[in-house]
Amino acid sequence: MKRYFAESELIINPDGSVFHLHLKPEHLADKVILVGDPGRVALVASHFETKEYEVESREFRTVTGVYNGKRITVTSTGIGCDNIDIVLNEMDALANIDFSTRTEKDVLRQLEIVRIGTCGGLQPYTPEGTFICSVKSVGFDGLLNFYEGRNAVCDLQMERALLNHLGWTGNICATAPYVIDADEELVNRIAGDDMVRGVTVACGGFFGPQGRQLRVPLADPRQNEKIESFEYHGMKITNFEMESSALAGLARLMGHKATTCCMVIANRLAKKSDTNYKKHIDDLVKLVLERI
């Protein structure tokens, strides 16, 4: 018997579009680019030869069009793993649920999803301007823990090694990190030979969760020092951002292919930042468009 999704679980607008994104199934391409900033949607779409659909609702702005013969959807998610939860679930519903019957389709429609964003570098070899493609993502957000099958798709040994290294037990009330692999084929295609293949920490905030202290002291003042020094099977954590773990994790559970590509705009180790990064982000956009 086919699974049925009640109105309270899958909310469909009166016009037949999905609740938050305001997209109908026919508006979604198989190749998807996600960006945080709604303004960056226009940057990506400026390279399209043709545009077939545009819609905007809250922080979710979408353009579907064609680039070099490839049909691509670009959508803004806003900031954070909570928004990735909305976008990935609604895109998966658009692809794999029949909106007329509210039942799961017989054949999986697999999406290819690449997030383009900015990040903070954590190693000497990730200075400002570096392009990093996330091979693994470490979730400090806890989102994937709410889904069945989380342990089956995560690297449990690396999780345990990182948790022991951080010493987040006892008086530190932090969410246990989860570690998820991006899709290997997609990483190889997108990263090519000119991006750093990194391990990315996705944080639940921009300040305290990323070790930034303003007026409120940190629970673990040595957090970033520990993260920078962590090494597992020759891998080090290369960068901080705020979405990659939820993207990679949900995509894995849903049967889609996903990875995250970020440009470093601040090196936390060197304590330097580049506030003029926007003029360089288009280079990363063009690389992803060519390779997706």
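Higher on the page you've got the structure.
The sections below set out a description of the structure shown in this document. Predicted model, so just to flag it, every value in this text is computed and none were measured.

1. Structural notes on the packing of aromatic side chains
Moving on, step 1. Taken as a whole and assessed by the stated rule, the structure comprises two aromatic pairs.
Moving on, step 2. Both rings, one in F206 and one in F207, keep their centres 5.0 Å apart while their planes meet at 80°; by these two values the pair is edge-to-face.
Moving on, step 3. Here F207 falls in the partly exposed class, since its relative accessible area comes to 42%.
Moving on, step 4. Over the ring of F206 we find R212, and its NZ or CZ is 3.8 Å from the ring centre.

2. Looking at the side chain of T130
Moving on, step 1. Considering the arrangement of structural elements, one finds T130 in the loop between β7 (112–121) and β8 (131–139).
Moving on, step 2. A relative accessible area of 13% means that T130 is categorised as buried.
Moving on, step 3. Polar side-chain contacts of T130 include one of 2.7 Å to the backbone oxygen of P127.
Moving on, step 4. Ignoring any residue separated from it by four or fewer positions in sequence, one finds T130 in contact with Y125, V196, C262, M263 and V264.

3. Examining the pairing of strand β1 (residues 31–35)
Moving on, step 1. Most of β1 sits inside the fold, with five of its five residues counted as buried.
Moving on, step 2. Taken together, the five bridges between β1 and strand β4 (residues 70–76) define a ladder with parallel strand orientation. Bridged to V32 within β4 is T73.
Moving on, step 3. Bridge count for β1 against β7 is five bridges, and the pairing is parallel. Pairing of V32 across the sheet is with I113, part of β7.

Cut-offs used in this document
Residues numbered from 1 in each chain as written. Predicted model: local features only at pLDDT ≥ 70, side-chain atom pairs only at ≥ 80, totals over all residues. Heavy atoms only, no water. Phe/Tyr/Trp six-rings, centres within 6.5 Å; stacked < 30°, edge-to-face > 60°. Buried < 20%, exposed > 50% of the residue type's maximum accessible area, 1.4 Å probe, protein only. Lys NZ or Arg CZ within 6 Å of the ring centre and 35° of its normal. Helix = DSSP H or I, 4+ residues; strand = E, 2+ residues; numbered from the N terminus. Polar contact = N/O pair within 3.5 Å; in protein donor to acceptor, adjacent residues only side chain to side chain. Contact = heavy atoms within 4.5 Å. Pairing = 2+ DSSP bridges.

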